[in-house]
Amino acid sequence: MSIQLPTGTKDLLPDEAAFWDHFTDTAKRVFGCYGYQPVVTPLIEQTNLFVRGIGTATDVVSKEMFTAVSGENLKKLVAGEGIDEKDRLSLRPEGTAGVVRAVVQHNLVQQGSAPVKLMYAGPMFRAERPQKGRLRQFNQVGIECLGAEEPSIDAEGIIMLMRFYEEIGIPRESMVLLLNSMGCENCRPAYRDAVHAYLEQHVDELCDDCRRRMDINPLRAFDCKKEGCIRVMESAPRITDYLCDDCKAHHQAVKGYLDAAGIAYVEDYKLVRGLDYYTRTVFEVQATDSASAQSAIGGGGRYDKLAEEVGGKPTPGFGFALGFERCVIALEAAGATFTPPRACEVFVACVSDDERPTAFSLVQSLRAHGVKTDMSHQKRSLKSQFKLANKLNARYVVTLGPDEVAASAATLRNMDTHEEESVAFADMPARAAELVAAGE
Ligand code: HAM
């Protein structure tokens with residue numbers, strides 16, 4: 001059997017790859033209006049970055065990381081020798097830790113300067129059990145804003161995300177925005193203790209994972225999908241009863257901005273998110289129409305301690321990421337369609353092989369003018385060349401016979417409207433470019 005792609009990965013074939021381009025272009029345009037600039041960080045980082053940044057109690061770090069070592073270090077490991085901590089690398093399971101590492105390393109947030117607003121797009125890797133909407137390599141678009149602790153940054157980010165979904169074609173009524181606050185280092189410890197004490201009373205009803213994580217991070221139990229744990233957590237203490245005054249004020253202010261912008265949300269005190277770096281605002285957007293169990297199409301929140309966790313100076317942060325493949329599922333459920341750009345605008349056909357050299361140079365000159373142009377490189381009848389033009393969805397066809405070659409002019413035929421126009425070869429590139437730009 002031929003070699004197949006690895007489990008949990010997906011090929012984006014031309015139509016879907018074109019949609020990925022449209023998706024990222026839209027993100028650049030929408031997020032750009034809010035001051036976000038692109039950043040590209042490596043797909044591999046030191047494993048320690050994720051361990052310290054995301055937290056050892058999370059599934060992402062404890063179960064799902066793809067760890068990589070160079071051939072040389074692999075030999076050492078196989079031989080039972082140790083390798084340097086910095087040589088233990090992992091494929092990034094998410095983008096935030098790497099972006100924060102880059103911001104700290106390059107000192108992008110200077111005292112008193114404006115916050116830095118960054119956006120990224122690309123693959124993330126998590127060794128999860130694959131299913132519809134859950135891949136081992138998936139694509140995210142995300143943003144991170146570092147250096148601002150104001151609630152307006154959180155609200156602006158959420159508003160921008162909802163605007164993006166709508167621009168991409170997911171109707172507002174097909175989504176629900178869940179909102180919560182995780183508190184801060186002042187109020188969360190008391191809340192953790194309260195949840196821990198509650199879990200101790202219900203330890204027999206918890207799954208092995210929740211029991212194991214109970215002492216490291218009891219809040220993870222809110223994220224557990226096991227029925228018994230979900231039942232237990234229904235009556236667990238609520239963070240809203242433990243927030244300090246500052247966190248309460250921050251949360252109220254975020255909600256106030258969202259209300260003013262007409263963004264509907266549902267307060268979900270059980271929303272803790274699967275990554276340990278969050279403080280204060282957390283949110284998730286779920287698609288409501290999709291039949292897929294993986295309905296979270298995006299999520300994020302504030303992480304005011306992460307920069308310190310990776311060795312930087314105190315720098316508040318806020319961000320989110322959205323999953324491309326899950327958005328595609330949500331769009332399909334909403335019946336949205338995407339028409340990929342044409343692969344060919346002008347097709348040049350030849351009556352016989354004699355016209356081929358002229359066709360070849362005409363094709364080059366059209367392409368040099370930025371017009372997507374093609375011809376057949378195989379010996380084909382005129383009929384089969386027209387079939388090919390049709391398959392390529394070419395908007396115009398130019399047919400060259402001996403008369404056209406002799407006159408150095410040919411007919412540009414619009415395949416949609418059947419309109420025809422005789423154009424000299426010398427004028428053909430400029431005229432075709434003009435018609436294509438006008439969408440005629
Ligand atoms: P996350 O919730 O882990 O957050 O992932 C964000 C989105 O990526 C999810 O809502 C989902 O759409 C998509 N996603 C996650 N895992 C998979 C998977 N296995 N297969 C397909 N899609 C998936 C983060 O990654 C944070 N870094 C977001 C953030 C940025 N928080 C602050 N800044």
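The structure we're discussing is the one just above.
These numbers were taken from a predicted model, which means no experiment stands behind them.

## With respect to the site of the ligand
Inference 1: Taken together, the neighbourhood of the ligand is formed by 27 residues, with Glu-94, Thr-96, Glu-128, Glu-144 and Tyr-278 sitting nearest.
Inference 2: Thr-96 is positioned such that a nitrogen or oxygen atom in its side chain is 2.8 Å from a nitrogen atom of the ligand.
Inference 3: Interatomic distance of 3.1 Å between a side-chain N/O atom of Gln-140 and an oxygen atom of the ligand.
Inference 4: Protein chains shield 96% of the accessible area of the ligand, which is 660 Å² for the free molecule.
Inference 5: Looking at the shell around the ligand, the elements with two or more residues in it are strand S6 (137-146), strand S10 (296-302) and strand S11 (317-323).
Inference 6: Looking at the shell around the ligand, the element that brings in the most residues is S10, giving 6 residues.

## Brief notes about the pattern of salt bridges
Inference 1: For the coordinates displayed, the defined rule picks out 31 salt bridges.
Inference 2: Across the pair Asp-59 and Arg-213 runs a salt bridge, and its minimum N-O distance is 2.9 Å. Separated by 154 residues along the polypeptide, Asp-59 in helix H3 (residues 59-62) and Arg-213 in helix H8 (residues 208-213) bring together distant segments of the chain.
Inference 3: Judged by relative accessible area, Arg-213 falls into the buried class, the value being 5%.
Inference 4: Through salt bridges with shared partners, a single ionic network connects Asp-59, Lys-63, Asp-209, Arg-212 and Arg-213.

## Brief notes about the sheet that holds strand S2 (residues 44-46)
Inference 1: Ordered in space as S2-S4-S3, the 3 strands form an open sheet in which the pairing is antiparallel. Each end of this open sheet is capped by a strand with a single partner; those strands are S2 and strand S3 (67-68).
Inference 2: Sheet analysis places S3 next to strand S4 (residues 89-91), joined by 2 bridges and oriented antiparallel. Note that in S4 the partner of Ala-68 across the bridge is Leu-89.
Inference 3: Against the sheet, helix H2 (residues 47-54) touches S2, S3 and S4, its axis set at about 75 degrees to S2.

## A short note on unusual backbone geometry
Across residues other than glycine, the phi torsion is negative in most instances, and most of the peptide bonds are trans.
Inference 1: A positive phi is found at Arg-280, a non-glycine position, where the angle reads about 55 degrees.
Inference 2: Assignment of secondary structure puts Arg-280 in strand S9 (residues 279-287).
Inference 3: Using a relative accessible area of 14% as the deciding quantity, one classes Arg-280 as buried.
Inference 4: Phi is positive for Asn-393, which is not a glycine, with a value near 60 degrees.
Inference 5: Looking at the element boundaries, Asn-393 is found in the loop between helix H14 (382-391) and strand S14 (396-400).

## A word on the packing of aromatic side chains
Inference 1: Summed over all chains, the structure comprises 15 aromatic pairs.
Inference 2: Note on Phe-283 and Phe-320: the rings are 6.5 Å apart at their centroids and 75 degrees apart in plane angle, and the pair reads as edge-to-face. Highlighted residues: Phe-283 in strand S9 and Phe-320 in strand S11, separated in sequence by 37 residues.
Inference 3: Aromatic ring contacts, followed pair by pair, group Phe-19, Trp-20, Phe-23, Phe-31, Phe-164, Tyr-165, Phe-283, Phe-318, Phe-320, Phe-324 and Phe-338 into a single cluster.
Inference 4: Taking the ring centre of Tyr-269 as reference, the NZ or CZ of Arg-238 above it sits at 3.7 Å.

Rules of the game
Residues numbered from 1 in each chain as written. Predicted model: local features only at pLDDT ≥ 70, side-chain atom pairs only at ≥ 80, totals over all residues. Heavy atoms only, no water. Near = heavy atom within 4 Å. Polar contact = N/O pair within 3.5 Å; in protein donor to acceptor, adjacent residues only side chain to side chain. Areas by Shrake-Rupley, 256 points an atom, 1.4 Å probe, with all protein chains shown as cover. Helix = DSSP H or I, 4+ residues; strand = E, 2+ residues; numbered from the N terminus. Salt bridge = Lys/Arg side-chain N within 4 Å of Asp/Glu carboxyl O. Buried < 20%, exposed > 50% of the residue type's maximum accessible area, 1.4 Å probe, protein only. Pairing = 2+ DSSP bridges. Contact = heavy atoms within 4.5 Å. Axes fitted to C-alpha atoms, helices over the stretch in contact; angles between N-to-C directions. Phe/Tyr/Trp six-rings, centres within 6.5 Å; stacked < 30°, edge-to-face > 60°. Lys NZ or Arg CZ within 6 Å of the ring centre and 35° of its normal.

Function cannot be inferred from these measures alone, as they are strictly geometric.
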